[in-house]
Amino acid sequence: MLLQSPRFTGEDNPPFELKGSLFTLTVLHLFHPDRAAIERHLVEKIKQAPGFFSNTPVVIDLDGVVNSPDGVDFSGLYELLRRHGMVPVGIRNGSPELQTSARQAGLPTLPESRATGATRKPERVEPVHSRIFSHPVRSGQQIYAPDGDLIVLGTVSAGAEVIADGNIHIYGALRGRALAGVKGDVEPRIFCQSLEAELVSIAGRYRISEQIDPADRGKAMQIHLVEDRLIIEHLTR
Amino acid sequence: MATVIVVTSGKGGVGKTTTSASFATGLAQRGYRTVVIDFDVGLRNLDLIMGCERRVVYDFINIINGEANLNQALIRDKRVESLYILPASQTRDKEALTKEGVERVLNDLKQSFEYIVCDSPAGIERGALMALYFADEALVVTNPEVSSVRDSDRILGILASRSRRAEQGEPPVKEHLVLARYAPERADRGDMLSVEDVLEILGIPLLGVIPESQNVLQSSNAGVPVILEDGSDAGAAYGDLVDRFLGKNLPHRFITSQKKGFLKRLFGGS
């Protein structure tokens, strides 16, 4: 409801609302659980930049103390950080044992961010490469596009062969052979500006020249598989 | 800088040597220092067409093997100044053509010639590959007939993928189409592919159409390049072809059938 009277405060109005939000928080990477050493270094840091910490929320990263034999005294650490102007709001990483003892000290485990650690880089999606062939494909030539589409800007001559794991686009006449989806994929299609092919095949299903309707010859056509049958139809409707 | 031109076709018997002889003669007639090399090692023919077969002492393979120097092997044409012929060996085979040897000979020839015409053997084996490997430009000779056109298409593919220019990523070999043994009347009747049919399939610029002509056979047997035969259609067509190659813009002749006039029908003639 967009319009609402300011006087209207019925019981239906909820007292709060939950929403997700993103914050930038300081992360304290803990390398050693020794409180005395932590305090020493904290004092040093604060001396360099007085007033840097004043009720600053921090997240404690436990990656560096996973193998610490004594565990971590979270209550003590909490007290220590508070004394120096930091407010621990949770922990990150660490073993299940550490996470349990942190929870007992009132520090929740924050979900791991994808950006942490060198090993947890976001997975790179490899773009599927199309192969573009800008010359005519002559008799006796064989052009193959592995793992992608093949785009031929010229004509595919009789006696030439164009092959792709993906789709095949021919912006000239197709007079030779075109084989799409040769690794068994049934989705790819063949497109050509003039169908005069010796053979067309998708995922191993093929038709030779004399099985192509003479009425379709010389026209802009597409070829695709529908329920295991090769369909040849006009590209423009 | 010298230009290396291969005359090639894939298929045999379409007119490569006839074209090489007339093309080289035409370039030399127009004042360019020209040499024509026979790459058909073992099936030497160019010397016959050029009428210099009795003057062959050393050949291309002798030079490659260092058994003679260029000046000993080059035959100077008696009719046209600045035209030289480098004959093939009749007693060897194509394996004698090494890439290094051919390159060395071509580099030597480049010092003293402007045009180097390489007459390729038929096929797509070593001899043909060596003839086209170093080419800057190519005359692809085709007859208006499906198997010849397909073989020319194959050769165009090889030019585009296996020539030195292709291997080194340089600008591609410049391709020219020569449609030989063309008979417009038969193309009109549908017995032959038409000029348009061939151009549609091969898709390269047309340099010249050489009409089917009795003169070609006669001049071959006489050892005279047909371009030197005055009054011959084929010779005139080769003349036009050379001029077009050198940059002149000439309309194509001999591509439409001519209705014979009454007198011609009465008295025959061609």
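Residues numbered from 1 in each chain as written. Chains lettered and ligands numbered in written order. Predicted model: local features only at pLDDT ≥ 70, side-chain atom pairs only at ≥ 80, totals over all residues. Heavy atoms only, no water.

Chain B is annotated in an unreviewed UniProt entry as Septum site-determining protein MinD from Candidatus Contendobacter odensis Run_B_J11. As stated in UniProt under Sequence similarities (unreviewed entry), the record for chain B gives "Belongs to the ParA family. MinD subfamily." UniProt annotates chain B under Subunit (unreviewed entry) with the comment "Interacts with MinC and FtsZ." (UniProt positions renumbered as here; feature names shortened; annotations may be inferred.)

Going by what an unreviewed UniProt entry lists, chain A is known as Probable septum site-determining protein MinC and is assigned to Candidatus Contendobacter odensis Run_B_J11. The record in UniProt for chain A states the following under Function (unreviewed entry): "Cell division inhibitor that blocks the formation of polar Z ring septums. Rapidly oscillates between the poles of the cell to destabilize FtsZ filaments that have formed before they mature into polar Z rings. Prevents FtsZ polymerization." We quote the UniProt Subunit (unreviewed entry) comment for chain A here in full: "Interacts with MinD and FtsZ."

Observations concerning the UniProt feature "domain: CobQ/CobB/MinD/ParA nucleotide binding" (unreviewed entry) in chain B
Within this structure's numbering, the places UniProt gives as "domain: CobQ/CobB/MinD/ParA nucleotide binding" (unreviewed entry) are residues 5–226 of chain B. Span residues 5–226 of chain B is 42% helix and 18% strand, its end C-alpha atoms 19 Å apart. (Helix = DSSP H or I, 4+ residues; strand = E, 2+ residues; numbered from the N terminus.)

Some points on the nonpolar core
Residue and element names in this part refer to chain B. In terms of nonpolar packing, the biggest core is built from 52 residues, with Leu 86, Leu 109 and Ile 116 touching the most fellow members. Leave out the neighbours within four places in its chain, and Ile 116 touches Ala 2, Thr 3, Val 4, Ile 5, Val 35, Ile 37, Leu 106, Leu 109 and Lys 110. The next biggest cluster of nonpolar side chains, apart from the first, holds 35 residues, and it includes Met 50, Cys 52, Ile 85 and Ile 227. (Core = buried A, V, L, I, M, F, W, Y, C linked by side-chain atoms within 4.5 Å. Buried < 20%, exposed > 50% of the residue type's maximum accessible area, 1.4 Å probe, protein only. Contact = heavy atoms within 4.5 Å.)

Digging into the UniProt feature "binding site: ATP" (unreviewed entry) in chain B
All names here are of chain B. According to UniProt, the "binding site: ATP" (unreviewed entry) feature falls on Lys 11, Gly 12, Gly 13, Val 14, Gly 15, Lys 16, Thr 17 and Thr 18. Examined against the element boundaries, Gly 13 turns out to sit in the loop between β1 (3–8) and α1 (16–29). The class of Gly 13 is exposed, set by a relative accessible area of 64%. Other than its neighbours up to four places away in sequence, Gly 13 contacts Asn 143 and Arg 181. Residue placement: Lys 16 occurs in helix α1.

Thoughts on the packing of helix α6 (residues 126–133) of chain B against helix α7 (residues 146–162) of chain B
Residue and element names in this part refer to chain B. The interhelical angle for the contact between α6 and α7, taken along N-to-C directions, is 55 degrees, at an axis separation of 10 Å. As the angle between them shows, α6 and α7 are arranged oblique. Viewed along their axes, α6 and α7 form a crossing whose handedness is right-handed. Mapping the contact onto sequence places Leu 129, Leu 132 and Tyr 133 in α6 and Ile 155, Ile 158, Leu 159 and Arg 162 in α7. Each residue belonging to the contact of α6 with α7 can be placed in one class, and the counts come to six nonpolar, no polar and one charged. (Axes fitted to C-alpha atoms, helices over the stretch in contact; angles between N-to-C directions. Parallel < 35°, antiparallel > 145°, perpendicular 65-115°, else oblique. Left-handed = near helix turned anticlockwise from the far one by under 90°. Nonpolar A, V, L, I, M, F, W, Y, C, P; charged D, E, K, R; others polar.)

Brief notes about the sheet that holds strand β3 (residues 86–92) of chain A
Residue and element names in this part refer to chain A. Across the sheet, three strands lie side by side as β1-β2-β3; this open sheet has parallel pairing. Here the strands that pair on one side only, and so sit at the sheet edges, are β1 (26–29) and β3. Within this sheet the neighbouring strands show an average axis-to-axis angle of 35 degrees, counted without direction. Of the strand pairs in this sheet, strand β2 (residues 56–61) and β3 are connected by six bridges, and their pairing is parallel. Its bridge partner being in β3, Val 58 is matched across the sheet by Pro 88. (Pairing = 2+ DSSP bridges.)

Details of the interface of chain A and chain B
Tallying the contact residues gives eight residues for chain A and eleven residues for chain B. Taking both partners together, chain A and chain B bury about 810 Å²; carbon and sulfur atoms supply 38% of that area. Together, A:Arg138, A:Ser139 and A:Arg175 form the three largest contributors to the area buried by chain A at its contact with chain B, with a combined 63%. Applying the counting criterion to the chain A and chain B interface returns three salt bridges. Residues B:Glu200 and A:Arg175 are paired through a salt bridge, measuring 3.0 Å at the closest nitrogen-oxygen approach. In this assembly, chain A and chain B are joined by five residue pairs in polar contact (both at pLDDT 80 or more). (Buried area = accessible area lost by both parts, 1.4 Å probe. Salt bridge = Lys/Arg side-chain N within 4 Å of Asp/Glu carboxyl O. Polar contact = N/O pair within 3.5 Å; in protein donor to acceptor, adjacent residues only side chain to side chain.)

Quick notes on the sheet that holds strand β11 (residues 199–202) of chain A
Residue and element names in this part refer to chain A. Here five strands make up an open sheet; going across it, the order is β5-β7-β9-β11-β12 and the pairing mixed. Where the open sheet ends on each side, the last strands, each with one partner, are β5 (142–145) and β12 (205–208). Averaged over neighbouring strand pairs, the angle between their axes works out to 5 degrees when direction is ignored. As paired strands, β11 and β12 are joined by four bridges and run antiparallel to one another. Across the sheet, Val 200 pairs through a bridge with Arg 207, a residue of β12.

A look at the UniProt feature "domain: Septum formation inhibitor MinC N-terminal" (unreviewed entry) in chain A
Sequence positions flagged by UniProt for "domain: Septum formation inhibitor MinC N-terminal" (unreviewed entry) are, in local numbering, residues 16–88 of chain A. Structurally, residues 16–88 of chain A comprises 33% helix and 18% strand, and the distance from its first C-alpha atom to its last is 25 Å.

Focus on the domain arrangement of chain A
The figure often quoted for interface size is the accessible area lost as the parts come together. Assigned domains of chain A: these are domain 1 (26–104) and domain 2 (129–234). One C-alpha centre belongs to domain 1 of chain A, the other to domain 2 of chain A, and the line joining them spans 64 Å. (Domains from an automatic or database assignment.)

Topic: the UniProt feature "domain: Septum formation inhibitor MinC C-terminal" (unreviewed entry) in chain A
Per the UniProt record, the feature "domain: Septum formation inhibitor MinC C-terminal" (unreviewed entry) sits at residues 133–233 of chain A. When the span residues 133–233 of chain A is considered, its composition is 0% helix and 48% strand, and the gap between its end C-alpha atoms is 24 Å.

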